[in-house]
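Topology and contacts: notes
The primary structure of each chain is shown beneath.
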2 protein chains.
Amino acid sequence: MLTIGQLSRRTGVKIPTIRYYEQMGLLAPPERSEGNQRRYTPEERDRLAFIKHARDLGLKIEAIRELIELSVHPDQPCAGADRIAAEQLHAVRERIGKLRKLERELARIATGCDGEQIKDCYVIRALASHDLCEDEH
Amino acid sequence: MLTIGQLSRRTGVKIPTIRYYEQMGLLAPPERSEGNQRRYTPEERDRLAFIKHARDLGLKIEAIRELIELSVHPDQPCAGADRIAAEQLHAVRERIGKLRKLERELARIATGCDGEQIKDCYVIRALASHDLCEDEH
DNA sequence: ATATGACCTCAGGCTGCTAGAGGTTCAAGT
DNA sequence: ACTTGAACCTCTAGCAGCCTGAGGTCATAT
């Protein structure tokens, strides 16, 4: 049995975050010691590691909840899990696309200024008007 | 003079958000009608457009506040504005890098499953353990 | 005069945590 | 057996950056 501190160190998830996940229903309320402290089994550690991995991949709490729900029914078809992963991939690709547009524009803005005073500053002028933008947004 | 609704439509910034920016000190408290409703000048519309543009580029409220502060002193050197833009560019590039790692892993996870049941599902297994990951994270 | 829509303020909620106050328990050392 | 000190407990509040809704007022057209 692990204390919450040991669990935290082994998974890299901070203690308040563990308690938060319990509150959010991602982790079942664990056993308690006589003095009311949380004690975790290795299975619970595995589940927390699962949650952390999914969070690191950018999955929302709600999506993780669905996946856990699915994983409790190992004999059902796994199309649901596939769908969640695919949706997540799609979301990540969209974010990358948007960020690359931003990158281009920021690169132009950040390197374009050779003025000396604010009133000539390309950064300020570029933000003040879209006329200097390459694409619409 | 524009009402808050007109301002909202012209800038694409929602009404509660405009009031929020005022509260945060990004917009000065505007004039009011006799009946205490906000009335905006074209200059205020321009400033809101500036704010929106900067937000769309991912700048934080605090960074925008600094830029506005700078733009009020047009005769000062503009190195500060350049720095803010460069920092933002750096942050965006970092986010892109991280997201691309996620993309690779998710793509592998989302396309790797040909099991039929949850207990064989590659998505679930990949999340449960890092053994299936390509890089550490 | 009245209807309707746009506006006002204020409070509370959202995500995903994090921090702090104020109190209890555990394990180790003496 | 006792004492320390770290680790734990619950609860509340806070962060960004808004959004929503309640309950009420204003503007304008008919």
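What you are looking at is a predicted structure, and each value in this text was computed from that prediction instead of being measured.

Thoughts on the overall build of chain A
Within chain A, the secondary structure is distributed over 6 helices and 2 strands. Along the chain direction, N to C, the helices and strands of chain A fall in the order α-α-β-β-α-α-α-α. Whereas a compact globule of 137 residues would reach a radius of gyration of roughly 14 Å, chain A reaches 23 Å, over 25% beyond that. Counting only C-alpha atoms, chain A reaches 70 × 40 × 20 Å along its principal axes. In chain A, which comprises 137 residues, the share counted as buried stands at 31%. Considering only contacts within chain A whose residues lie at least 6 apart along the sequence, 48% involve residues at least 24 apart.

Comments concerning the sheet that holds strand β3 (residues 38-40) of chain B
Residue and element names in this part refer to chain B. In space, the 3 strands of this open sheet follow the order β1-β3-β2, with antiparallel pairing throughout. In this open sheet, the two strands that pair with only one neighbour each are β1 (2-3) and β2 (31-32). Bridge count for β1 against β3 is 2 bridges, and the pairing is antiparallel. Looking at the pairing, L2 lines up with Y40 of β3.

Here we look at the relation of the copies chain B and chain A
Rotating chain B by 180° and translating it 0.1 Å along the rotation axis places it on chain A, where the RMSD comes to 0.3 Å. Both copies are brought into coincidence by an operation consistent with a two-fold rotation axis. Minimal C-alpha distance to the rotation axis in chain B is attained by I96 of chain B, lying at 3.1 Å. By residue overlap, the copies meet face to face through one surface: 100% of the interface positions of chain B are interface positions in chain A.

Details of the protein's contact with DNA strand D
Near DNA strand D lie 20 residues; those nearest to it are T3, G5 and R38 of chain A together with G35 and I61 of chain B. Counting only elements with at least two residues in the surface near DNA strand D, the list comes to α1 (4-11) of chain A together with α2 (15-23) of chain B. Per-class residue counts for the surface near DNA strand D are 5 nonpolar, 10 polar and 5 charged.

A word on the protein's contact with DNA strand C
G35 and I61 of chain A together with T3, G5 and R38 of chain B are the nearest of the 21 residues found near DNA strand C. Mapped by element, the contributors of at least two residues to the surface near DNA strand C are α2 (15-23) of chain A together with α1 (4-11) and α2 of chain B. Split into classes, the residues belonging to the surface near DNA strand C amount to 5 nonpolar, 10 polar and 6 charged.

Section: the interface of chain B and chain A
Across the contact, 48 residues belong to chain B and 48 residues belong to chain A. When contributions to the side of chain B that touches chain A are tallied by element, the ones reaching two or more residues are α3 (42-56), α4 (61-71), α5 (79-112) and α6 (122-128) of chain B. Broken down by element, the residue count for the side of chain B that touches chain A peaks at 19 residues, all from α5 of chain B. Counted by class, the side of chain B that touches chain A contains 27 nonpolar, 10 polar and 11 charged residues.

Some thoughts on the packing of α1 of chain A against helix α3 (residues 42-56) of chain A
The axes of two packed helices give the description: the angle between them and the distance between them. All names here are of chain A. The geometry of α1 relative to α3 is characterised by a closest axis approach of 10 Å and an angle of 45° between their N-to-C directions. Considering their axes alone, α1 and α3 lie oblique with respect to each other. α1 and α3 meet at a crossing whose hand is right-handed. The residues of α3 that touch α1, namely those facing L7, R10 and T11, are R45, L48, A49 and K52. Of the residues assigned to the contact of α1 with α3, the class counts are 3 nonpolar, 1 polar and 3 charged.

Procedures and definitions
- Residues numbered from 1 in each chain as written.
- Chains lettered and ligands numbered in written order.
- Predicted model: local features only at pLDDT ≥ 70, side-chain atom pairs only at ≥ 80, totals over all residues.
- Helix = DSSP H or I, 4+ residues; strand = E, 2+ residues; numbered from the N terminus.
- Rg over C-alpha atoms; globule rule 2.2 N^0.38 Å.
- Buried ≥ 20, exposed ≤ 12 C-beta atoms within 10 Å, placed from the backbone.
- Contact = placed C-beta atoms within 7 Å.
- Pairing = 2+ DSSP bridges.
- Least-squares fit on C-alpha atoms with pLDDT ≥ 70 in both.
- Near = placed C-beta within 6 Å.
- Nonpolar A, V, L, I, M, F, W, Y, C, P; charged D, E, K, R; others polar.
- Axes fitted to C-alpha atoms, helices over the stretch in contact; angles between N-to-C directions.
- Parallel < 35°, antiparallel > 145°, perpendicular 65-115°, else oblique.
- Left-handed = near helix turned anticlockwise from the far one by under 90°.

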